[in-house]
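Fold and contact review
These are the residues of each chain, in order.
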Amino acid sequence: MKELSRLLGRIPGSATMAVSEKARQMNAAGKDVIALGGGDPDFDTPDHIVAAAFAAIENGATHYPPSKGIPEMLTAIAAKMARDNNVEVDPSSQIIISPGAKWALHLALSSVTNPGDEILYLEPCWPSYPPMITLSGGTPVPVSLSPADNYTISADAIRACVSDRSKALMVNSPNNPTGRVMTAEEADAVVEVALEHDLYVLADEIYEHLIFDDRRNISLAALPGMAERTLTINGMSKAYAMTGWRMGWLAAPAQIVGLANKLSSQTISSAANFSMHASAAALNGPQDCVAEMCASYAKRRDFMVEALNAIDGVHCRDIEGAFYLFPSFPGSARDSLDVAQFLIEEAEVAGTPGIAFGSTSGSHIRFSIARSMYDLERSVERLARVAPRL
Ligand code: PMP
Ligand code: GLU
């Protein structure tokens, strides 16, 4: 048989999805694994959003929508971006709706990358970033941030990785997996280097609404000189507990959205019609459901950070946003793959090995706290029980 795709052969499958799948399979086989692997809210999608989807289906939103998305959701996104992000975008030319922020990231990367272009990203990072860069024909270039200074972004750290082939920089705040929220100084550092080296910036704001303790999200597109070079990626999955609806978007200069639209129209056609109607209802409707879920994640964070640090041999930094903890195990000789394997087998607690988030995270495990307090309490008891053998 002839050789299959070398490009796809070269990239790994999603580690986060693999951990979730493994936990699912073990539970189907009769185990009682607590799945802290993937970042999927335990909340159901709020009722008024579900009702809007049913109404849309009943009203015939079951046909192909326009490939960039339905006007109702495009307008809702533009209004949301003006309201929450201080970013003005034209709904008819500067937004494209996608099945999940994941596809929006793919659209963004594919629209700016030519073969050989280097795309910088801040590490630790969500495991899909480097393979997505490779898929778009670019070369992934990590900018390593250190836990020693709480993963602070500095202009010098980015500059040290810039070359004459650098094309774009990917930034994710609030961050998966570190839980850091970008400060004004860090945003200034990104802007400084982007302007200095004429870089596009991909701002992944999927955890925008999940920020704790009076911090606030800074949208890079709102900063001076950035509107024309920023591609903002966002979506419904995390804030509205809508992971299964597959709803995200890319907001960017019209020329970029035009290219992204060619890719979408030739591949997926569009996102799902009724999911867009439900999302428009979510964005235009009451936002207290988002605040309530965020408050609940903050409580779980408080509990888990304290409980994990109370276990001998576990060190867990506090987090500022998103819903992941990223503890390390200072006394253990095991690497993160080994720790994750040990925990799923011996404690029946599934976490994602740190190595999936970059080479410098090999002693960490990521636990999602988007799980019920009952599950989190049980997972801490189990971890405490096996920790002496780590
Ligand atoms: N960006 C980051 C940082 C993520 O953690 C995720 C995972 N949900 C996504 C984008 C994509 O999310 P979705 O495709 O569900 O919108
Ligand atoms: N983004 C989530 C995570 O990091 C969901 C799984 C995925 O798409 O990677 O676990």
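For the structure, see preceding data.
As a convention, each chain's residues are numbered from 1 in the sequence order in which they are written. Here chains are named by letter from A upward and ligands by number from 1 upward, in the order in which they appear as written. The predicted nature of this model means local features are confined to residues of pLDDT at least 70 and side-chain atom pairs, given and counted, to a pLDDT of 80 or more, with totals for whole chains, interfaces and linings taken over all residues. Heavy atoms from the whole structure form the basis of all side-chain values; hydrogens and water molecules are not counted.

1. Description of the pattern of salt bridges
We define a salt bridge as a side-chain nitrogen of Lys or Arg found within 4 Å of a carboxyl oxygen belonging to Asp or Glu. Summed over all chains, the structure comprises 24 salt bridges. Note that Arg301 and Asp302 form a salt bridge whose closest N and O atoms lie 3.0 Å from each other. Three labels apply to residues, based on accessible area from a 1.4 Å probe with only protein chains included: buried if under 20% of the type maximum, exposed if over 50%, partly exposed otherwise in between. The class for Arg301 is buried, based on a relative accessible area of 4%. When salt bridges with common partners are traced through the structure, they connect Asp213, Arg215, Arg301, Asp302 and Asp318 into a single cluster.

2. Quick word on the environment of Pro124
Segments assigned H or I by DSSP are reported as helices when at least four residues long, segments assigned E as strands when at least two residues long, and all are numbered from the N terminus. Topologically, Pro124 is positioned in the loop between β3 (118-123) and α6 (129-135). Along the chain, Pro124 and Asn284 lie 160 residues apart, while their C-alpha atoms are 34 Å from each other. By the convention used here, residues are in contact when the closest approach between their heavy atoms is within 4.5 Å. What Pro124 contacts, discounting residues up to four positions off in sequence, is Leu145, Tyr151, Asn175, Pro177, Thr178, Phe326, Phe357 and Ser361.

3. Looking at the sheet that holds strand β4 (residues 139-144)
Reading across from one edge, β2-β8-β7-β6-β5-β3-β4 is the order of the seven strands in this open sheet, with mixed pairing throughout. Unpaired on one side and paired on the other, β2 (95-98) and β4 mark the two borders of the sheet. Between one strand and the next, the sheet's axes are offset by a mean angle of 20°, whatever the strand orientation. By this definition, two strands are paired if DSSP reports at least two bridges between them. Pairing between β3 and strand β5 (residues 166-172): four bridges, direction parallel. Counted as the bridge partner of Tyr121 is Met170 from β5. Each axis is a line fitted through C-alpha atoms, and for a helix only the stretch in contact is used; angles between axes span 0 to 180 degrees, taken between their N-to-C directions.

4. Quick look at the layout of surface pockets
A 1.4 Å probe that fits but cannot get out identifies a cavity on a 1 Å grid over protein atoms alone, an open set with protein on both sides within 12 Å along at least five of seven lines counts as a pocket, and a residue lines either if it has an atom within 4 Å of a point. Grid points are joined across faces, edges and corners, and a volume is the space filled by probe spheres set on the points. Put simply, the largest pocket is a space of about 740 Å³. Of all the secondary structure elements, the ones that give two or more residues to the lining of the largest pocket are α2 (15-28) and α5 (101-112). For the lining of the largest pocket, the element with the most residues is α2, which contributes six residues. Forming the walls of the second largest pocket are 15 residues, and the residues nearest its centre are Pro12, Ser14, Pro127, Ser128 and Pro131. Elements with a minimum of two residues in the lining of the second largest pocket: α5 and α6. Sort the elements by how many residues they give to the lining of the second largest pocket and α6 lands first, with four residues. For the lining of the second largest pocket, the per-class residue count stands at 10 nonpolar, four polar and one charged. Residues are grouped as follows: nonpolar covers Ala, Val, Leu, Ile, Met, Phe, Trp, Tyr, Cys and Pro; charged covers Asp, Glu, Lys and Arg; every other residue, Gly included, is treated as polar.

5. Brief notes about the environment of Asp213
Along the polypeptide, Asp213 turns up in the loop between β6 (200-204) and β7 (230-235). The class of Asp213 is partly exposed, set by a relative accessible area of 45%. When the C-alpha positions of Asp213 and Ala298 are compared, they lie 8.5 Å apart, and in sequence the two are 85 residues distant. There is a polar contact of 2.8 Å between the side chain of Asp213 and the side chain of Arg301. Pairing of N or O atoms within 3.5 Å defines a polar contact, subject to two protein rules: one partner must be a possible hydrogen donor and the other a possible acceptor, and residues neighboring in sequence count only if both atoms are side-chain atoms.

6. Focus: the packing of helix α3 (residues 47-58) against helix α10 (residues 273-284)
The N-to-C vectors of α3 and α10 enclose an angle of 140°; their axes lie 8 Å apart at closest approach. In terms of orientation, α3 and α10 fall into the oblique class. Relative to α10, the crossing made by α3 is right-handed. Taken together, the residues of α10 that come into contact with α3 (itself represented by His48, Ile49, Ala52, Ala53, Ala56 and Ile57) are Phe274, His277, Ala278, Ala281 and Ala282. Orientation is classified from the angle alone, with under 35 degrees giving roughly parallel, over 145 giving roughly antiparallel, 65 to 115 giving roughly perpendicular, and any other angle giving oblique. For any helix crossing, the convention is left-handed if the near helix is rotated counterclockwise from the far helix by under a right angle, and right-handed if that rotation is clockwise.

7. Concerning the site of ligand 2
Every residue lining ligand 2 is accounted for by Ser14, Thr16, Gly38, Gly39, Lys102, Trp126, Asn176, Lys238, Tyr324 and Arg366. Interatomic distance of 3.4 Å between a side-chain N/O atom of Lys238 and a nitrogen atom of ligand 2. Each accessible area is a Shrake-Rupley result for a 1.4 Å probe, and residues are judged covered by the shown protein chains and nothing else. The fraction of the free accessible surface of ligand 2 (280 Å²) that becomes covered by protein chains is 86%. Molecules are considered to sit inside a cavity or pocket once more than half of their atoms lie within 2 Å of its grid points. When atoms are counted within 2 Å of each cavity's grid points, the one that captures over half of ligand 2 is the largest pocket. Definition of nearness: a residue and a molecule or strand are near each other if at least one heavy atom of the residue lies within 4 Å of the molecule or strand.

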